[in-house]
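# Residue-level structure breakdown
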Amino acid sequence: MRRRPVVIGLTGSIGMGKSKVASKFRHLGVPVFDADAAVRAVQGPGGVALPAIEAAFPGTTGPMGVDRAKLGAAVFGDKAALKRLERIVHPAVGRMQQAFRRRYRSRRAIVLDIPLLLEGEGWKGVDLIAVASAPFHVQRARVLARPGMTEAKFLNVLKHQMPDSEKRRIADIVIETGRGRLLTFRTVQGIARVAKGSRIR
(Lines give C-alpha, C1' and ligand atoms only; values in the text may rest on other atoms or scores of the structure.)
Protein backbone atom coordinates (compact mmCIF):
# COMPACT_ATOMS: atom_id res chain seq x y z
CA MET A 1 0.00 0.00 0.00
CA ARG A 2 1.33 3.45 -0.93
CA ARG A 3 2.17 5.60 2.04
CA ARG A 4 0.91 9.14 2.52
CA PRO A 5 2.32 12.17 4.38
CA VAL A 6 1.91 12.64 8.10
CA VAL A 7 -0.74 15.37 8.39
CA ILE A 8 -0.04 17.89 11.15
CA GLY A 9 -3.07 19.93 12.22
CA LEU A 10 -1.86 23.31 13.47
CA THR A 11 -4.20 25.51 15.49
CA GLY A 12 -4.27 28.07 18.26
CA SER A 13 -6.46 30.86 19.58
CA ILE A 14 -6.16 34.49 18.51
CA GLY A 15 -2.80 36.03 19.35
CA MET A 16 -1.11 32.73 20.14
CA GLY A 17 1.50 32.98 17.38
CA LYS A 18 0.08 30.30 15.09
CA SER A 19 1.03 32.18 11.92
CA LYS A 20 4.62 32.53 13.10
CA VAL A 21 4.72 28.80 13.82
CA ALA A 22 3.38 28.07 10.33
CA SER A 23 6.14 30.21 8.82
CA LYS A 24 8.73 28.18 10.73
CA PHE A 25 7.34 24.95 9.27
CA ARG A 26 7.62 26.49 5.79
CA HIS A 27 11.20 27.53 6.55
CA LEU A 28 11.95 23.88 7.34
CA GLY A 29 10.49 22.77 4.01
CA VAL A 30 7.15 21.45 5.26
CA PRO A 31 4.25 22.52 2.97
CA VAL A 32 1.55 24.48 4.82
CA PHE A 33 -2.11 24.87 3.85
CA ASP A 34 -3.39 28.21 5.19
CA ALA A 35 -7.16 27.93 5.74
CA ASP A 36 -7.54 31.68 6.34
CA ALA A 37 -5.80 32.46 3.06
CA ALA A 38 -8.08 29.96 1.32
CA VAL A 39 -11.16 31.71 2.73
CA ARG A 40 -9.85 35.04 1.47
CA ALA A 41 -9.23 33.52 -1.97
CA VAL A 42 -12.74 32.09 -2.41
CA GLN A 43 -14.25 35.39 -1.23
CA GLY A 44 -11.82 37.73 -3.01
CA PRO A 45 -11.91 39.16 -6.54
CA GLY A 46 -13.10 36.41 -8.89
CA GLY A 47 -13.55 34.01 -5.97
CA VAL A 48 -15.54 30.86 -6.66
CA ALA A 49 -17.86 31.49 -3.71
CA LEU A 50 -18.91 35.01 -4.75
CA PRO A 51 -21.98 34.14 -6.86
CA ALA A 52 -23.48 31.98 -4.12
CA ILE A 53 -22.69 34.57 -1.44
CA GLU A 54 -24.31 37.34 -3.47
CA ALA A 55 -27.39 35.19 -4.05
CA ALA A 56 -27.72 34.43 -0.34
CA PHE A 57 -26.77 37.92 0.88
CA PRO A 58 -27.61 40.47 -1.86
CA GLY A 59 -25.42 43.56 -1.97
CA THR A 60 -22.52 42.09 0.00
CA THR A 61 -20.13 41.52 -2.92
CA GLY A 62 -18.57 43.64 -5.63
CA PRO A 63 -15.65 43.82 -8.08
CA MET A 64 -13.20 43.48 -5.20
CA GLY A 65 -14.96 40.45 -3.79
CA VAL A 66 -16.84 40.30 -0.52
CA ASP A 67 -17.47 43.56 1.31
CA ARG A 68 -16.53 42.29 4.75
CA ALA A 69 -18.36 45.06 6.60
CA LYS A 70 -21.63 44.41 4.76
CA LEU A 71 -21.36 40.63 4.98
CA GLY A 72 -20.46 40.88 8.65
CA ALA A 73 -23.54 43.01 9.28
CA ALA A 74 -25.68 40.49 7.39
CA VAL A 75 -24.65 37.53 9.55
CA PHE A 76 -23.84 39.20 12.88
CA GLY A 77 -25.92 37.68 15.67
CA ASP A 78 -27.83 35.49 13.22
CA LYS A 79 -26.83 31.85 13.64
CA ALA A 80 -28.95 30.69 10.70
CA ALA A 81 -27.33 33.25 8.39
CA LEU A 82 -23.86 32.30 9.61
CA LYS A 83 -24.60 28.62 8.95
CA ARG A 84 -25.80 29.54 5.46
CA LEU A 85 -22.55 31.36 4.78
CA GLU A 86 -20.51 28.44 6.13
CA ARG A 87 -22.34 26.03 3.82
CA ILE A 88 -21.14 28.15 0.91
CA VAL A 89 -17.56 28.84 1.98
CA HIS A 90 -16.51 25.62 3.72
CA PRO A 91 -16.97 23.26 0.73
CA ALA A 92 -14.98 25.63 -1.49
CA VAL A 93 -12.16 25.78 1.04
CA GLY A 94 -12.38 22.00 1.44
CA ARG A 95 -11.79 21.54 -2.28
CA MET A 96 -8.72 23.75 -2.06
CA GLN A 97 -7.42 21.67 0.83
CA GLN A 98 -7.93 18.46 -1.13
CA ALA A 99 -6.02 19.96 -4.07
CA PHE A 100 -3.20 20.88 -1.66
CA ARG A 101 -3.09 17.33 -0.32
CA ARG A 102 -2.89 15.89 -3.83
CA ARG A 103 -0.15 18.32 -4.80
CA TYR A 104 2.02 17.29 -1.85
CA ARG A 105 1.05 13.63 -1.56
CA SER A 106 4.65 12.54 -2.09
CA ARG A 107 5.98 14.58 0.85
CA ARG A 108 6.67 12.96 4.20
CA ALA A 109 4.76 15.62 6.14
CA ILE A 110 2.34 18.48 5.52
CA VAL A 111 0.70 21.05 7.80
CA LEU A 112 -2.93 22.14 7.79
CA ASP A 113 -3.08 25.57 9.45
CA ILE A 114 -6.72 25.77 10.59
CA PRO A 115 -7.77 28.31 13.26
CA LEU A 116 -10.94 26.42 14.25
CA LEU A 117 -9.49 22.93 13.85
CA LEU A 118 -10.84 21.74 17.21
CA GLU A 119 -14.08 23.76 17.20
CA GLY A 120 -15.19 21.98 14.02
CA GLU A 121 -14.42 18.55 12.58
CA GLY A 122 -11.11 19.38 10.91
CA TRP A 123 -9.22 17.44 13.58
CA LYS A 124 -10.66 14.20 12.15
CA GLY A 125 -8.50 14.60 9.05
CA VAL A 126 -5.12 14.99 10.77
CA ASP A 127 -2.63 12.61 12.37
CA LEU A 128 -1.11 15.02 14.89
CA ILE A 129 -2.71 18.02 16.64
CA ALA A 130 -0.24 20.83 17.36
CA VAL A 131 -1.47 23.80 19.38
CA ALA A 132 0.33 27.15 19.46
CA SER A 133 -0.02 28.62 22.93
CA ALA A 134 1.24 31.45 25.13
CA PRO A 135 0.40 32.87 28.57
CA PHE A 136 -2.76 35.01 28.62
CA HIS A 137 -0.91 38.27 29.28
CA VAL A 138 1.24 37.67 26.20
CA GLN A 139 -1.79 36.79 24.08
CA ARG A 140 -3.69 39.87 25.25
CA ALA A 141 -0.78 42.22 24.58
CA ARG A 142 -0.31 40.83 21.07
CA VAL A 143 -3.97 41.16 20.16
CA LEU A 144 -4.47 44.65 21.60
CA ALA A 145 -1.45 45.85 19.61
CA ARG A 146 -3.36 45.17 16.40
CA PRO A 147 -4.86 48.21 14.61
CA GLY A 148 -8.51 48.76 15.51
CA MET A 149 -8.56 46.09 18.20
CA THR A 150 -10.24 46.79 21.54
CA GLU A 151 -10.60 44.85 24.76
CA ALA A 152 -14.29 44.25 23.97
CA LYS A 153 -13.51 42.87 20.51
CA PHE A 154 -10.79 40.65 21.93
CA LEU A 155 -13.09 39.19 24.58
CA ASN A 156 -15.82 38.64 21.99
CA VAL A 157 -13.44 36.63 19.80
CA LEU A 158 -12.41 34.52 22.79
CA LYS A 159 -16.06 33.71 23.48
CA HIS A 160 -16.29 31.97 20.11
CA GLN A 161 -13.06 29.99 20.48
CA MET A 162 -12.34 26.92 22.54
CA PRO A 163 -10.43 27.94 25.70
CA ASP A 164 -6.67 27.62 25.38
CA SER A 165 -6.58 25.31 28.40
CA GLU A 166 -8.90 22.89 26.63
CA LYS A 167 -6.87 23.04 23.42
CA ARG A 168 -3.72 22.29 25.38
CA ARG A 169 -5.42 19.29 26.97
CA ILE A 170 -6.48 17.89 23.58
CA ALA A 171 -3.20 18.62 21.79
CA ASP A 172 -0.72 15.91 20.91
CA ILE A 173 1.93 18.58 21.30
CA VAL A 174 1.88 22.18 22.55
CA ILE A 175 4.14 24.71 20.83
CA GLU A 176 5.03 27.42 23.33
CA THR A 177 5.31 30.81 21.62
CA GLY A 178 5.62 33.08 24.64
CA ARG A 179 8.89 31.81 26.06
CA GLY A 180 11.36 32.86 23.43
CA ARG A 181 11.80 32.28 19.71
CA LEU A 182 14.49 29.66 20.19
CA LEU A 183 12.19 27.35 22.18
CA THR A 184 9.45 27.80 19.59
CA PHE A 185 11.78 27.02 16.70
CA ARG A 186 13.30 23.98 18.40
CA THR A 187 9.83 22.57 19.10
CA VAL A 188 8.76 23.07 15.48
CA GLN A 189 12.06 21.61 14.30
CA GLY A 190 11.52 18.54 16.47
CA ILE A 191 7.99 18.01 15.15
CA ALA A 192 9.16 18.38 11.55
CA ARG A 193 12.06 15.97 12.08
CA VAL A 194 9.85 13.26 13.60
CA ALA A 195 7.09 13.74 11.04
CA LYS A 196 9.49 13.63 8.10
CA GLY A 197 10.86 10.37 9.45
CA SER A 198 7.41 8.80 9.37
CA ARG A 199 4.84 7.94 6.76
CA ILE A 200 1.23 6.76 7.21
CA ARG A 201 -0.05 3.74 5.35
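The paragraphs below set out a description of the structure included in this document. (Residues numbered from 1 in each chain as written. Predicted model: local features only at pLDDT ≥ 70, side-chain atom pairs only at ≥ 80, totals over all residues. Heavy atoms only, no water.)

### Thoughts on the overall build of the protein chain
- The secondary structure content of the protein chain amounts to nine helices and seven strands.
- Taken along its principal axes, the extent of the C-alpha atoms in the protein chain is 50 × 45 × 25 Å.
- Split into buried and exposed, the 201 residues of the protein chain put 39% on the buried side.
- A total of about 11500 Å² of accessible surface is found on the protein chain, and carbon and sulfur atoms cover 57% of it.
- Treating the 37 positive side-chain charges of the protein chain as one cloud and the 15 negative ones as another, the clouds have centres 8 Å apart. (Helix = DSSP H or I, 4+ residues; strand = E, 2+ residues; numbered from the N terminus. Buried < 20%, exposed > 50% of the residue type's maximum accessible area, 1.4 Å probe, protein only. Areas by Shrake-Rupley, 256 points an atom, 1.4 Å probe, with all protein chains shown as cover. Lys, Arg positive; Asp, Glu negative; His and termini not counted. Charge placed at Lys NZ, Arg CZ, Asp CG, Glu CD.)

### Re the side chain of Gln-97
- Its place among the elements puts Gln-97 in helix α5 (residues 79-103).
- Among the residues examined, Gln-97 registers a relative accessible area of 14% and is labelled buried.

### What about helix α9 (residues 181-196)?
- Spanning 16 residues, α9 covers 22 Å between terminal C-alpha atoms, matching the ideal 22 Å at 1.5 Å per step.
- Those residues of α9 that fall on the buried side of the exposure criterion are Thr-184, Thr-187, Val-188, Ile-191, Ala-192 and Ala-195. Down the axis of α9, the smallest arc covering the buried residues is 130°, so these residues share one side. In α9, the exposed positions that point more than 90 degrees away from the buried face belong to Leu-182, Arg-186, Arg-193 and Val-194.
- On the buried face of α9, the contacting elements are β1 (6-11), α1 (18-27), β5 (109-113), β6 (128-133) and β7 (173-176). (Expected span 1.5 Å × (residues − 1). Arc of directions from axis to C-beta. Contact = heavy atoms within 4.5 Å.)

### Quick look at the environment of Gly-122
- Inspection of the secondary structure puts Gly-122 in the loop between β5 and β6.
- Given a relative accessible area of 30%, Gly-122 falls into the partly exposed group.
- Between the C-alpha atoms of Gly-122 and Leu-112, which are ten residues apart in sequence, the distance is 9.2 Å.

### Looking at the packing of α1 against α9
- Remark: α1 packs on α9, axes separated minimally by 10 Å, with the N-to-C direction vectors making an angle of 50°. Between α1 and α9, the angle is such that the two are oblique. The handedness of the crossing between α1 and α9 comes out as right-handed. On α9, the residues that touch Val-21, Lys-24, Phe-25 and His-27 of α1 are Thr-184, Phe-185, Val-188, Ile-191 and Ala-192.
- Split by residue class, the contact of α1 with α9 holds six nonpolar, two polar and one charged. (Axes fitted to C-alpha atoms, helices over the stretch in contact; angles between N-to-C directions. Parallel < 35°, antiparallel > 145°, perpendicular 65-115°, else oblique. Left-handed = near helix turned anticlockwise from the far one by under 90°. Nonpolar A, V, L, I, M, F, W, Y, C, P; charged D, E, K, R; others polar.)

### Some details on the packing of helix α4 (residues 68-75) against α5
- Two elements in contact, α4 and α5, have axes whose closest approach is 7 Å; the angle formed by their N-to-C orientations is 130°. Between α4 and α5, the angle is such that the two are oblique. Between α4 and α5, the contacting residues are Leu-71, Ala-74 and Val-75 on the first element and Ala-81, Leu-82 and Leu-85 on the second.
- Residues that form the contact of α4 with α5 fall into these classes: six nonpolar, no polar and no charged.

### Section: the packing of aromatic side chains
- In total, this model carries three aromatic pairs according to the counting rule given.
- With 5.0 Å between their ring centres and 55° between their planes, Phe-100 and Tyr-104 make a pair best called tilted.
- When the ring of Phe-136 is compared with that of Phe-154, the centres are 5.9 Å apart and the planes differ by 25°; the resulting orientation is stacked. Pair noted here: Phe-136 is in helix α6 (residues 136-144) and Phe-154 is in helix α7 (residues 151-159), with a separation of 18 residues, a long-range link. (Phe/Tyr/Trp six-rings, centres within 6.5 Å; stacked < 30°, edge-to-face > 60°.)

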